[in-house]
Amino acid sequence: WVTVRYVEDWAKGTLQHLIHDPTRGVVELEPMNGFSEEWLPLEPITDAEGTSYRSDPANHRILQKNACEKGFTPLAGVGGRGWATGRLHTPLGLSLDHRGWLYVADSQNHRVQVVRPEDGSIVAVLGLVNDWGRPITGDSAGAMREPVHAVVNPCTCDVYVADRTAGLIHVFDQRFEHVISFEPRTQEPPTLT
């Protein structure tokens, strides 16, 4: 853990794996981990049966690999660049819930798609769409700008979506309805302010 409070803390150059973005006035973790050159949300995830999934943002698809297979292959029924339900535009973070459903942060379509991996069917779409079904970008009432990851709370089944460009966390309930969007805030440890 590292506490960074002042510009001088990250300007010293002694802190590793932190990036200061002066245009937004924020400090972020460097987009890689110590084991690979890939950004953390692009790391493969594995379900209870041993099937691994990873996003392929350059080709707008999700890849899968069964436990006994050597390489990843495209997940059938979902993917390909586009905005229609089931299509993707730069998918990033993936996660699984207790049912084995796959949550795909469809970043440039401003939404999260919930996929049934067995057949690639879409269970739900989190985010807003216009009258023609095209995703709407924004940062209020469940609209998103650039969702990069979604996780499911195993106790409540609420879905938390990290929206990088908006700087918000969007919360959806177990029926996939928007509950709240909020800006993460830190607390000063001694005073809890």
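Here the structure is a predicted model, which is why all the values come from computation and not from measurement.

Student: Could you give an account of the pairing of strand β8 (residues 102-106), naming the residues involved and the relevant values?
Tutor: In terms of burial, β8 is a largely internal element, 5 of the 5 residues being buried. Of the two faces of β8, the one holding L102, V104 and D106 and the one holding Y103 and A105 are both buried throughout. As paired strands, strand β7 (residues 91-96) and β8 are joined by 4 bridges and run antiparallel to one another. Note on β8: the bridge partner recorded for L94 is V104.

Student: Go over the environment of C157 with me, naming the residues and quoting the values.
Tutor: Looking at the element boundaries, C157 is found in the loop between β13 (147-152) and β14 (159-163). On the basis of relative accessible area, C157 is assigned to the buried category, the value being 16%. Here the alpha-carbon distance between C157 and F172, two residues 15 residues apart in the chain, equals 8.9 Å. Residue contacts for C157: discarding those within four places in its chain leaves H98, V152, D173 and Q174.

Student: Describe the sheet that holds strand β10 (residues 121-126), listing the residues and the values that go with them.
Tutor: Taken in spatial order, the 4 strands make up an open sheet running β7-β8-β9-β10, and their pairing is antiparallel. Two strands bound the open sheet, and with one partner strand each, they are β7 and β10. Adjacent strand axes in the sheet meet at a mean angle of 25° when their direction is disregarded.

Student: Describe the packing of aromatic side chains, naming the residues involved and giving the relevant values.
Tutor: Note on aromatic pairs: each is described by the distance of the centres and the angle between the planes. Scanning the model with the defined rule gives 1 aromatic pair in all. Where Y103 meets F176, the ring centres are 6.5 Å apart and the plane angle is 50°; that geometry is what we call tilted. Here F176 lies in the loop between β15 (168-172) and β16 (178-182) and Y103 lies in strand β8, a separation of 73 residues in the sequence. Note on Y103: relative accessible area 0%, which makes it buried. The exposure class of F176 is buried, given its relative accessible area of 17%. Here R54 stacks its cationic end above the ring of F72, 5.9 Å away from the centre of that ring. The positively charged end of K65 is found above the aromatic ring belonging to F72, 5.8 Å away from the centroid.

Cut-offs applied
Residues numbered from 1 in each chain as written. Predicted model: local features only at pLDDT ≥ 70, side-chain atom pairs only at ≥ 80, totals over all residues. Heavy atoms only, no water. Buried < 20%, exposed > 50% of the residue type's maximum accessible area, 1.4 Å probe, protein only. Helix = DSSP H or I, 4+ residues; strand = E, 2+ residues; numbered from the N terminus. Pairing = 2+ DSSP bridges. Contact = heavy atoms within 4.5 Å. Axes fitted to C-alpha atoms, helices over the stretch in contact; angles between N-to-C directions. Phe/Tyr/Trp six-rings, centres within 6.5 Å; stacked < 30°, edge-to-face > 60°. Lys NZ or Arg CZ within 6 Å of the ring centre and 35° of its normal.

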